[in-house]
Amino acid sequence: MIQLGTRWLVGDEPPSRLPQVVIDAIYEVEGELAEQGVDASDWSWTLTWLEGKPVVELDDETIIEYDADEDAAVVTPGS
């Protein structure tokens, strides 16, 4: 089954179909960027689906993957 992805700007509400732990991780990353004074106002998140699991990537190449077995979000920092 193919699921379409989507894009949204940093600060906008993530898609509600994402697992809550992934949404929480998105907000955490955005909060860290704000604390560091990074102007990410024109950055976007891109949601794709890999084997039925969401993969979310920020323009700086930060990646958030969903571990369904652990119901956990795995964040890999970008550049």
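As a reminder, the structure under discussion sits directly above these lines.
Residues numbered from 1 in each chain as written. Predicted model: local features only at pLDDT ≥ 70, side-chain atom pairs only at ≥ 80, totals over all residues. Heavy atoms only, no water.

Focus on a negative patch on the surface
Taken together, D24, E28, E32 and E35 make up a surface patch of like negative charges. Examined against the element boundaries, D24 turns out to sit in helix α1 (residues 20-35). (Patch = residues over 30% accessible without salt bridge, like charges linked within 9 Å, V, L, I, M, F, W, Y side chains within 5 Å. Areas by Shrake-Rupley, 256 points an atom, 1.4 Å probe, with all protein chains shown as cover. Salt bridge = Lys/Arg side-chain N within 4 Å of Asp/Glu carboxyl O. Lys, Arg positive; Asp, Glu negative; His and termini not counted. Charge placed at Lys NZ, Arg CZ, Asp CG, Glu CD. Helix = DSSP H or I, 4+ residues; strand = E, 2+ residues; numbered from the N terminus.)

Some thoughts on unusual backbone geometry
Backbone geometry at E51 places phi at a positive 55 degrees, although glycine is not the residue there. Positionally, E51 belongs in the loop between β2 (44-50) and β3 (53-58). For E51, a relative accessible area of 75% puts it in the exposed group. (Buried < 20%, exposed > 50% of the residue type's maximum accessible area, 1.4 Å probe, protein only.)

So, the pairing of strand β5 (residues 72-76)
Inspection of the sheet shows strand β4 (residues 63-67) paired to β5 by 5 bridges, in the antiparallel sense. Opposite I63, over in β5, you have T76 as the bridge partner. Hairpin connection from β4 to β5: 4 residues lie between these consecutive antiparallel strands, with D71 at a positive phi of about 50 degrees. (Pairing = 2+ DSSP bridges.)

Some thoughts on the side chain of S44
For S44, the location among the structural elements is in strand β2. Taking the relative accessible area as the measure of exposure, S44 reaches 10% and is therefore buried. A polar atom in the side chain of S44 sits 3.4 Å from the side chain of R7. Excluding residues that lie within four positions of it along the chain, S44 makes contacts with R7, W8, L9, V10, E57, L58 and D59. (Polar contact = N/O pair within 3.5 Å; in protein donor to acceptor, adjacent residues only side chain to side chain. Contact = heavy atoms within 4.5 Å.)

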